[in-house]
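# Notes for the structure review
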Amino acid sequence: MSVDLQAGYDKVFDNVLRLRIMSILMVNESYDFTSFKELLQVTDGNLASHLRQLETAEYLQVAKSFAGRKPLTTYTATATGKKAFQDHLDFLGALIKKSKL
Amino acid sequence: MKKPEEELAEIKSMMERSTRFLSLSGLSGVLAGLYASAGTGIAWYWIYFPYSAWGNESFVLPFRELLYRILFLALAILVAAVASAFLLSRRKSIQKTEPFWNPASQRFSVSLFVPVLLGGLFSFSLLHEGAFQLIPACMLLFYGLGLSQAASFTLGEIKQLGWAQLALGVLAAFAPSFGLLCWAIGFGVLHIIYGTMMYYRHER
C-alpha cells in the first residue's frame, strides 16, 4: 500500500459495525436506536459504544425525544461524517483500481 | 482489514436493507391474484351471465341486491389479500431474520396505502354518484400510483407492476365497458405473474 493511499484510510471505518452504521445513515435521513439494533443484530452495549465513538468523531448527531412514553434516540449523519464516508468510498475505489493494475 | 470489494458489497447491502422492505412475499401476490380472479369470475356471473364480460348486463338480480353482493365480495377479496400479504411477508422476514416493522417497511406501507385508501374513498364517491362504470379504472389507477411510489422502498419488480396497473387503469377509464376485464387482468393475472417472478427470484 502506497503512502498516499494510507493517508486516505480512516480508522473510524476500521470496525465493520461503525461502517454499517454510517452506511445506513448515508441513505436514511435519520435512524433510531431500536431499528439499528434489529437490523444489525447486535447487543445494546456494543451498539451504544460504537455509536458513541462515531459521535465523538463528530460523524453523527444524536437527538433524544419521546415516542409516547418510550424514549426515542435518533441519529443523523453530520456533514463531516458524510464527507468522511465519501472519502472512505473513494479510498476503497482507489484500492480496487490499484489491485487491478 | 477485509478486501475492499467485500467492504463495498457490505456497504451496498446495508444501504439496501435499511431503505427497502425486502421481505415482501411473492407467494402472497400469487394468492391475491387467485382471490381476485375467483372474485371477478363470481362478479361476472352476477352481473353479466349468460353474456360476455364486456357485453350487456343481464339484470337477473335486483339492482340493490347486486350492489350489496359486489361490495361484500370486493371487501372480502381486499381483506383476504391484505391478510395473506401481511402473514406471508412476516413469515418471510422471520425466516430471513430481517426486521419486519422498521423504517423501511413503514415507508413502504405509507407510500402504498395512502394512495390506496384515498382511491378506495374515491371509489365510494363514484358509487355514491352512480358512476359505476368508472370504479375499476379508479381502483387500478390509485393502486398503480401507490405501487409505483412504494417501489422505491421494496423489490424492484413492483415498479413494473405499478406501471402495468396504471396502463390498464387508463384503458379502463376510456373503455369502461371493458372495466371488469381490465380489473381481472390487473388484480388477477398480473398479480399471479409478478408474484411468481418474485417468488422464483427472491424466495427459493
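Let's shift gears to the overall build of chain B. Counting its regular elements, chain B contains 7 helices and 0 strands. Mapped from its N terminus to its C terminus, chain B presents α and β elements in the order α-α-α-α-α-α-α. Principal axes of the C-alpha set define a box for chain B whose edges measure 75 × 25 × 25 Å. For chain B, the proportion of its 204 residues judged to be buried stands at 38%. Taking the intrachain contacts of chain B between residues at least 6 apart in sequence as the baseline, contacts between residues at least 24 apart amount to 73%.

This part covers the pairing of strand 2 (residues 60-67) of chain A. Residues and elements named next belong to chain A. Looking at chain direction, strand 2 and strand 3 (residues 70-77) are connected through 8 bridges and run antiparallel. When the sheet's bridge partners are listed, K64 is paired in strand 3 with T73. Hairpin connection between strand 2 and strand 3: a loop of 2 residues separates the two successive antiparallel strands, and G68 in this loop has a positive phi of roughly 70°.

On to the packing of helix 5 (residues 135-150) of chain B against helix 6 (residues 157-174) of chain B, then. All names here are of chain B. It is the contact of helix 5 with helix 6, at a shortest axis distance of 7 Å, that shows an interaxial angle of 160°. One finds that helix 5 runs roughly antiparallel with respect to helix 6. Both helix 5 and helix 6 take part in a crossing whose hand is left-handed. Contact residues: P136, A137, L140, L141, Y143, G144, L145, L147, S148 and A150 in helix 5; I158, K159, L161, G162, W163, Q165, L166, L168, G169, A172 and A173 in helix 6. A class-by-class count of the residues in the contact of helix 5 with helix 6 yields 15 nonpolar, 5 polar and 1 charged.

Here we come to the sheet that holds strand 2 of chain A. Read from one edge of the open sheet, 3 strands run 1-3-2 (chain A), paired in antiparallel fashion. Edge positions in the sheet fall to strand 1 (31-32) and strand 2 of chain A, since each of these pairs with one other strand and no more.

With that settled, the discussion passes to the confidence of the model for chain A. Residues with a pLDDT of 70 or more make up 92% of chain A, whose mean pLDDT is 90. The least confident element of chain A is helix 1 (residues 3-7) of chain A, whose mean pLDDT is 55; the most confident is helix 4 (residues 44-56) of chain A, at 96.

On to the interface of chain A and chain B, then. Interfaces are often sized by the amount of accessible area the parts lose when they come together. Every contact between the two is made by 15 residues of chain A and, on the other side, 14 residues of chain B. Considering every element that reaches the side of chain A that touches chain B, the biggest residue donor is helix 2 (residues 16-27) of chain A, with 7 residues.

The next thing to look at is the packing of helix 2 (residues 26-47) of chain B against helix 7 (residues 179-202) of chain B. All names here are of chain B. Two elements in contact, helix 2 and helix 7, have axes separated by 7 Å at closest approach and are oriented at 160°. Relative to helix 7, the element helix 2 lies roughly antiparallel. Considering how the two elements wind past one another, helix 2 and helix 7 form a crossing that is left-handed. Within the contact of helix 2 with helix 7, the residues separate by chemical class into 16 nonpolar, 10 polar and no charged.

Take the confidence of the model for chain B next. Close inspection of predicted coordinates is inappropriate for parts of the model with low pLDDT. Per-residue pLDDT for chain B has a mean of 94; in total, 100% of the residues score no lower than 70. This complex was scored by the predictor with a pTM of 0.87 and an ipTM of 0.86.

Turning our attention to unusual backbone geometry. Residue F49 of chain B is joined to P50 of chain B through a cis peptide bond whose omega torsion reads 5°. Positive phi, normally seen in glycine, also occurs at Q41 of chain A, with a value near 55°. On the secondary structure map, Q41 of chain A appears in the loop between helix 3 (33-40) and helix 4. Even without a glycine there, the phi angle at T97 of chain B is positive, about 45°. Tracing the sequence through the fold places T97 of chain B in the loop between helix 3 (63-95) and helix 4 (103-129).

To continue, consider the pairing of strand 3 of chain A. Moving residue by residue along a regular strand, the side chains alternate between the two faces of the sheet. With 2 bridges connecting them, strand 1 of chain A and strand 3 of chain A associate as antiparallel partners. Residue pairing across strands places Y31 of chain A opposite Y75 of chain A, the latter belonging to strand 3 of chain A.

What counts, and where the lines are drawn
- Residues numbered from 1 in each chain as written.
- Chains lettered and ligands numbered in written order.
- Predicted model: local features only at pLDDT ≥ 70, side-chain atom pairs only at ≥ 80, totals over all residues.
- Helix = DSSP H or I, 4+ residues; strand = E, 2+ residues; numbered from the N terminus.
- Buried ≥ 20, exposed ≤ 12 C-beta atoms within 10 Å, placed from the backbone.
- Contact = placed C-beta atoms within 7 Å.
- Pairing = 2+ DSSP bridges.
- Axes fitted to C-alpha atoms, helices over the stretch in contact; angles between N-to-C directions.
- Parallel < 35°, antiparallel > 145°, perpendicular 65-115°, else oblique.
- Left-handed = near helix turned anticlockwise from the far one by under 90°.
- Nonpolar A, V, L, I, M, F, W, Y, C, P; charged D, E, K, R; others polar.
- pLDDT = per-residue confidence, 0-100.

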